[in-house]
Amino acid sequence: MSTLLEVTRAAHEEVERLERLIVKDLQTEPTSNRDRLFQSHRVRNMIDTITSITEKLVEIYEDSDGARKDEIAALGGQTATGTNVFSAFYDRLKEIREYHRRHPAARVVDANEEFDNLLKEEPVVVFSGEEAFGRHLDLHELYHIYINCKFGEKIEYSAYLDVFSHLDKVPRKMKMTGEYKEYMNKLLEYLEDFFQRTEPLQDLDRIFSKVVADFEDEWAKGFVNGWENEAQDTAQHTIIDLSDYSEVEELMEVGPEKLKEALAALGLKSGGNVEQLAKRLLLTKNTPLEKLDKKHFARGSRGAKQNVVAANNSKEIALMEAKMKKLCDLLDETIERTKQNVEKKQALTYEEIEAEREEQEETQVDSESDDDEQQIYNPLKLPMGWDGKPIPYWLYKLHGLGQEFKCEICGNYSYWGRRAFERHFKEWRHQHGMRCLGIPNTKNFNEITSIEEAKDLWKKIQQRQGVNKWRPDLEEEYEDKEGNIYNKKTYTDLQRQGLI
């Protein structure tokens, strides 16, 4: 029951929904580099879908087969016998009823739910381990090609990252070799692929079209950096525009000097009279240099194929260099991060590198959690528990966590929470402080934290019981490693027997 007009309406609806989804997705600020990449690729995929749907709509509106025009006419009741609106209406109604009779279980699908799931999609973007999900470049393969070529140098990978984008140091003669051209092709191909994976919303074709336009202008003027003389030499090939000449007599009017210069630039013989020079040059108008007979070329000059490479391939290589430099400018921050990462790895051991990689993986897993989980709601400023979340309020009130207790006898040491404060009276720090004061650490001195209060209380106990009634063997307390409390006599006996 899907008519052409219904297909058109559904296509327009899908385009509108995708546009709204793009706006909704871009309004969300990504929290990490991973989220930013996923968002960019989602938007890129939706833009590609809109483009393909729009192309289909254009074909429908062009109506090359006349199907759309016939369908519109049928809706108006136009038939071969005349116009009958009611007949067209009831025929359409009958078709709809017949469709629902044959598909009784058909239900309306909510397209919004299906489209909203696109915002949760995580596109598959392939990166190597060295690239660290688009944070660094992985130029190891190109580095090995560079150091094993004649135009390269035997340098470290870290040094290669500094020189790979600076091609002015390579001699012109080396740039004309096949291995240099192959190396440039691979380098440019990798940089293009990496840029498209990390910046999917950038229009690389548009960027390169501007680079080509600027390059053509500079090449014609001979201002291309590193190729100035070559551009001028190539420009000599067009000293005489042969498209303006069709006869030898017309070309002879140019003069022998210019004819000789043009022939010499092409590597052809420049001897003979003016007529011979004009005939020889006119041969190149419709015949490529590589197909010319060898007798037309001067001795010691470059052959036809080599001549073509010098005239054309030099421009092609220079254009590749211009594109590569543009990509390096766009990836400047990534190249700098790559240098820092390589220098950092050189100072680390293998174990430290593996530990750092595991830490990065854990960080990526944590970053995938929801924003609500990342922002901890703690208006009462409760202490954090072992799980990194605030402890329950009832536990805070029960144990007095968060309250500070200071003990002067322990050297003004701070104890946090009521429970920790009560336990410290039996710990070694408090016992040592009491022993230095010459006061037994008994239950009578619990809750006493001031040195003056402890001395005053000890004097009152001595006055009430008498000096000679103090029995340290029975009244002084000791604590073992397991937290058991003994008097001095029991403790020393157990210690002699090796039980403590």
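Residues numbered from 1 in each chain as written. Predicted model: local features only at pLDDT ≥ 70, side-chain atom pairs only at ≥ 80, totals over all residues. Heavy atoms only, no water.

**Description of the environment of Thr8**
Its location among the elements puts Thr8 in helix α1 (residues 4-26). Thr8 sits in the buried class, given a relative accessible area of 6%. Taking C-alpha positions, Thr8 is 9.0 Å from Tyr61, a pair spaced 53 residues apart along the chain. Those residues in contact with Thr8 that lie beyond four places of it in its chain are Leu57, Ile60 and Tyr61. (Helix = DSSP H or I, 4+ residues; strand = E, 2+ residues; numbered from the N terminus. Buried < 20%, exposed > 50% of the residue type's maximum accessible area, 1.4 Å probe, protein only. Contact = heavy atoms within 4.5 Å.)

**Points about a nonpolar patch on the surface**
Side chains of Val85, Phe86, Phe89 and Tyr90 sit close together on the surface and give an oily, nonpolar patch of about 490 Å² of accessible area. Taking the relative accessible area as the measure of exposure, Tyr90 reaches 51% and is therefore exposed. (Patch = residues over 30% accessible without salt bridge, like charges linked within 9 Å, V, L, I, M, F, W, Y side chains within 5 Å. Areas by Shrake-Rupley, 256 points an atom, 1.4 Å probe, with all protein chains shown as cover. Salt bridge = Lys/Arg side-chain N within 4 Å of Asp/Glu carboxyl O.)

**Quick look at the pairing of strand β1 (residues 404-407)**
Covered by surrounding structure in β1 are Phe405 and Cys407 only, the residues Glu404 and Lys406 on the alternate face being uncovered. In this structure, β1 lies alongside strand β2 (residues 413-416), joined through 4 bridges in antiparallel fashion. Pairing of Lys406 across the sheet is with Ser414, part of β2. Count of turn residues in the β1/β2 antiparallel hairpin: 5 residues, of which Gly411 carries a positive phi of about 80°. (Pairing = 2+ DSSP bridges.)

**Considering the nonpolar core**
Membership of the largest hydrophobic core comes to 46 residues, with the highest contact counts inside it found for Leu139, Tyr160, Phe164, Tyr183, Leu187, Leu191 and Met324. Going through the elements one at a time, α2 (33-62), α6 (140-147), α7 (157-163), α9 (178-198), α10 (204-221), α15 (304-330) and α16 (332-346) are the ones with two or more residues in this core. With 9 residues, α9 is the largest single contributor of residues to this core. Those residues in contact with Tyr183 that sit more than four places away from it in its chain are Leu142, Ile145, Tyr146, Phe151, Tyr160 and Phe164. (Core = buried A, V, L, I, M, F, W, Y, C linked by side-chain atoms within 4.5 Å.)

**A closer look at the UniProt feature "domain: Matrin-type" (unreviewed entry) in the chain**
Look at the UniProt record and you will see "domain: Matrin-type" (unreviewed entry) annotated at residues 405-436. When the span residues 405-436 is considered, its composition is 47% helix and 22% strand, and the gap between its end C-alpha atoms is 21 Å. (UniProt positions renumbered as here; feature names shortened; annotations may be inferred.)

**Observations regarding the packing of α2 against α9**
α9 packs onto α2 with a crossing angle of 95° between their chain directions and a minimal axis gap of 9 Å. On the basis of the axis angle, α2 is roughly perpendicular to α9. Residues Arg36, Leu37 and His41 of α2 form the contact with α9, whose own contacting residues are Gln196, Arg197 and Thr198. Of the residues assigned to the contact of α2 with α9, the class counts are 1 nonpolar, 3 polar and 2 charged. (Axes fitted to C-alpha atoms, helices over the stretch in contact; angles between N-to-C directions. Parallel < 35°, antiparallel > 145°, perpendicular 65-115°, else oblique. Nonpolar A, V, L, I, M, F, W, Y, C, P; charged D, E, K, R; others polar.)

**Considering unusual backbone geometry**
Phi at Ala132 takes a positive value of approximately 50°, unusual for a residue other than glycine. With respect to the secondary-structure elements, Ala132 resides in the loop between α5 (111-116) and α6. Classification of Ala132 as partly exposed rests on a relative accessible area of 24%. In the Ramachandran plot, Asn412 falls in the positive-phi region, its phi being about 60° despite a non-glycine side chain. Here Asn412 shows up in the loop between β1 and β2.

**Thoughts on the confidence of the model for the chain**
Per-residue pLDDT for the chain averages 79, and the proportion of residues at 70 or more is 82%. The model gives residues 231-238 a pLDDT under 50, and that stretch makes 10 contacts with residues more than four places away or in other chains. (pLDDT = per-residue confidence, 0-100.)

**Looking at the packing of aromatic side chains**
Per the stated rule, a full pass over the model turns up 16 aromatic pairs. Residues Phe127 and Phe133 carry aromatic rings whose centres are separated by 5.3 Å and whose planes lie at 45° to one another, so their mutual orientation is tilted. Look at Tyr160 and Phe164: their rings are 5.8 Å apart centre to centre, the planes differ by 35°, and that puts the pair in the tilted class. An aromatic cluster of at least three residues, connected via ring pairs, comprises Tyr143, Tyr146, Phe151, Tyr157, Tyr160, Phe164, Tyr180 and Tyr183. (Phe/Tyr/Trp six-rings, centres within 6.5 Å; stacked < 30°, edge-to-face > 60°.)

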